[in-house]
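# Examining the three-dimensional arrangement
One-letter residues, chain by chain:
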Amino acid sequence: MRPILMSAVLVALAAPVPALAQDRTEEDAARVAETLRDPAVQQTVAAGMAAASEALLDVPLAPLARAVAEAAGEDPRDIDPDMTLRHVSPEAADVPAEIHDKLPRVMGAMAGMAGGFSAMIPALREMAERMKAAVEEARPAY
């Protein structure tokens, strides 16, 4: 359960990364790093993700569980109509607090990666230019 929620959080936070992989400037990457490093942003995102995960704990699972039971040839009436993730997995109740506590650190680490990417952009551009020149030079003259 925890790996799934933490993975969902990381995916949500990593969503801007593909935009950086496109033709973006180092200023864009630096701005992303700055935003991810901002403690106010970190706390806001952590609170929002904790609240979202708290809400997920109370989503009714009975309709899905009944369908699974019926497909398995079991009696769907045996399913608790009040079934939720919180009910099925009581230890999941700790997940929102863990997200709230750990997400700022994860965002700080992602800020470091974005900053590193920002620093690499000029070197990557230079490498691309050298490769282009090498390809041009190696092309047979017809």
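Calculation rules
Residues numbered from 1 in each chain as written. Predicted model: local features only at pLDDT ≥ 70, side-chain atom pairs only at ≥ 80, totals over all residues. Heavy atoms only, no water. Helix = DSSP H or I, 4+ residues; strand = E, 2+ residues; numbered from the N terminus. Buried < 20%, exposed > 50% of the residue type's maximum accessible area, 1.4 Å probe, protein only. Areas by Shrake-Rupley, 256 points an atom, 1.4 Å probe, with all protein chains shown as cover. Axes fitted to C-alpha atoms, helices over the stretch in contact; angles between N-to-C directions. Parallel < 35°, antiparallel > 145°, perpendicular 65-115°, else oblique. Contact = heavy atoms within 4.5 Å. Nonpolar A, V, L, I, M, F, W, Y, C, P; charged D, E, K, R; others polar. Core = buried A, V, L, I, M, F, W, Y, C linked by side-chain atoms within 4.5 Å. Bend = angle between axes of the 7 residues up to and from the residue. Salt bridge = Lys/Arg side-chain N within 4 Å of Asp/Glu carboxyl O. Polar contact = N/O pair within 3.5 Å; in protein donor to acceptor, adjacent residues only side chain to side chain. Patch = residues over 30% accessible without salt bridge, like charges linked within 9 Å, V, L, I, M, F, W, Y side chains within 5 Å. Left-handed = near helix turned anticlockwise from the far one by under 90°.

## Section: the overall build of the protein
When its secondary structure is counted, the protein shows seven helices and zero strands. Start at the N end of the protein and walk to the C end: the helices and strands fall as α-α-α-α-α-α-α. For the protein, with 142 residues in total, the buried portion stands at 23%. Surface accessibility of the protein: about 9400 Å² in total, with carbon and sulfur atoms responsible for 64%.

## Here's the deal with the packing of helix H3 (residues 26–37) against helix H7 (residues 95–138)
When two helices pack together, their arrangement is given by the angle between their axes and by how far apart the axes lie. Packing of H3 against H7 leaves a shortest axis separation of 7 Å and a crossing angle of 170 degrees. Judged by the angle between their axes, H3 and H7 are roughly antiparallel. Together, Glu-26, Ala-29, Ala-30, Val-32, Ala-33, Leu-36 and Arg-37 of H3 and Met-107, Gly-108, Met-110, Ala-111, Gly-112, Ala-114, Gly-115, Phe-117, Ser-118, Ile-121, Pro-122 and Arg-125 of H7 make up the contact between the two elements. Split into classes, the residues belonging to the contact of H3 with H7 amount to 12 nonpolar, four polar and three charged.

## Observations concerning the nonpolar core
In terms of nonpolar packing, the biggest core is built from eight residues, these being Leu-36, Ala-46, Val-95, Ile-99, Leu-103, Met-107, Met-110 and Ala-111. A per-element tally of this core places H7 first, with six residues. Core analysis: the next-biggest nonpolar cluster, separate from the first, contains five residues, Ala-62, Ala-65, Ala-69 and Met-83 among them.

## Overview of the side chain of Thr-84
Looking at where Thr-84 falls in the secondary structure, it is placed in the loop between helix H5 (62–71) and helix H6 (85–88). When sequence neighbours within four positions are dropped, the list of residues in contact with Thr-84 reads Leu-57, Asp-58, Val-59, Pro-60 and Leu-61.

## Here's the deal with H7
Think of an α-helix as 3.6 residues a turn; residues three or four steps apart then line up on the same face. In H7, a bend of some 40 degrees at Lys-102 exceeds every other bend along the element, and Pro-104, a proline, comes one to four places later. Along H7, the residues that are buried comprise Val-95, Pro-96, Ile-99, Leu-103, Pro-104, Met-107, Met-110, Ala-111, Ala-114, Ser-118 and Ile-121.

## Comments concerning the pattern of salt bridges
Within this structure, the stated rule accounts for seven salt bridges. The partner of Arg-31 in a salt bridge is Asp-28, with the nearest N and O atoms 2.7 Å apart. Of this pair, Arg-31 and Asp-28 both sit in helix H3, three residues apart, which is roughly one turn of the helix. On the accessibility criterion, Asp-28 (22% relative accessible area) is partly exposed.

## Re the environment of Thr-44
Tracing the chain through its elements places Thr-44 in helix H4 (residues 39–57). Between the alpha carbons of Thr-44 and His-100 there is a distance of 9.5 Å; along the sequence they are 56 residues apart. In this structure the side chain of Thr-44 is engaged in a polar contact, spanning 2.8 Å, whose partner is the backbone oxygen of Ala-40.

## Examining a nonpolar patch on the surface
There is a patch of nonpolar side chains on the surface, built from Met-120, Leu-124, Met-127 and Met-131 and spanning about 360 Å² of accessible area. With respect to the helices, strands and loops of the structure, Leu-124 is situated in helix H7. When its relative accessible area of 34% is taken as the criterion, Leu-124 is described as partly exposed.

## Focus: the packing of H4 against H7
Where H4 meets H7, the closest approach of the two axes is 8 Å, and the angle between their N-to-C directions is 145 degrees. With respect to the hand of their crossing, H4 and H7 are arranged in right-handed fashion. Only Pro-96, Ile-99, His-100, Leu-103, Pro-104, Met-107 and Gly-108 of H7 make contact with H4, whose side of the interface consists of Val-41, Gln-42, Gln-43, Val-45, Ala-46, Ala-47, Met-49, Ala-50, Ser-53, Glu-54 and Leu-57.

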